[in-house]
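# Fold and geometry: a report
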Amino acid sequence: MERVQVACDNCGTELVPNAAYCEKCGARTRRARRLVRLAIRVELVFFLLIVAMVAAFVWIYAAQK
Ligand SMILES: [Zn+2]
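None of these values were measured; they are calculated from a predicted model. (Residues numbered from 1 in each chain as written. Predicted model: local features only at pLDDT ≥ 70, side-chain atom pairs only at ≥ 80, totals over all residues.)

### Concerning the overall build of the chain
Applied cut-off: Put simply, DSSP marks the helices as runs of H or I at least four residues long and the strands as runs of E at least two long, and each gets a number from the N terminus on. Atoms counted for the radius of gyration: C-alpha only. Globule rule: 2.2 Å times the number of residues to the power 0.38. Residues with at least 20 neighbouring C-beta atoms inside 10 Å of their own are called buried, those with 12 or fewer are called exposed, and the rest are partly exposed, where every C-beta is derived from the backbone. What counts as a contact is two residues whose backbone-derived C-beta atoms lie within 7 Å of each other.
Each helix and strand in the chain was counted, giving 1 helix and 0 strands. Taken against the 2.2 N^0.38 rule, which gives 11 Å for 65 residues, the C-alpha radius of gyration of the chain at 21 Å runs more than 25% over that of a compact globule. The C-alpha extent of the chain, read off along each of the three principal axes, is 65 × 25 × 15 Å. Split into buried and exposed, the 65 residues of the chain put 6% on the buried side. Of the contacts made within the chain by residues no fewer than 6 positions apart, 8% connect residues no fewer than 24 positions apart.

Below you can see the structure in the form of structure tokens.
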């Protein structure tokens, strides 16, 4: 596991445990950035799932004619 980040990467201010942002400069912590990347990936998977479903319905509809 990655060591818990204790100081801001941007300004070096000490961070509150589990903080998402630096209180001084507002920079995102490494943990928050990782969570954002994870959220984007989950959204992408859902988007591709919906695209695949729409494509499948279109294909089924076209095949029934
Ligand atoms: Zn900072």
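### Re unusual backbone geometry
Its identity as a non-glycine residue notwithstanding, N18 has a phi of 60°, on the positive side. Looking at the secondary structure, you find N18 in the segment before α1 (30-64).

### Comments concerning α1
Here is the rule: Multiplying one less than the number of residues by 1.5 Å gives the expected span of a helix.
Its 35 residues place the ends of α1 51 Å apart at the C-alpha level, agreeing with the 51 Å of an ideal helix rising 1.5 Å per residue. The buried count for α1 comes to 0 of 35 residues, which makes it a mostly uncovered element.

Purely spatial values, then, with no claim about function.
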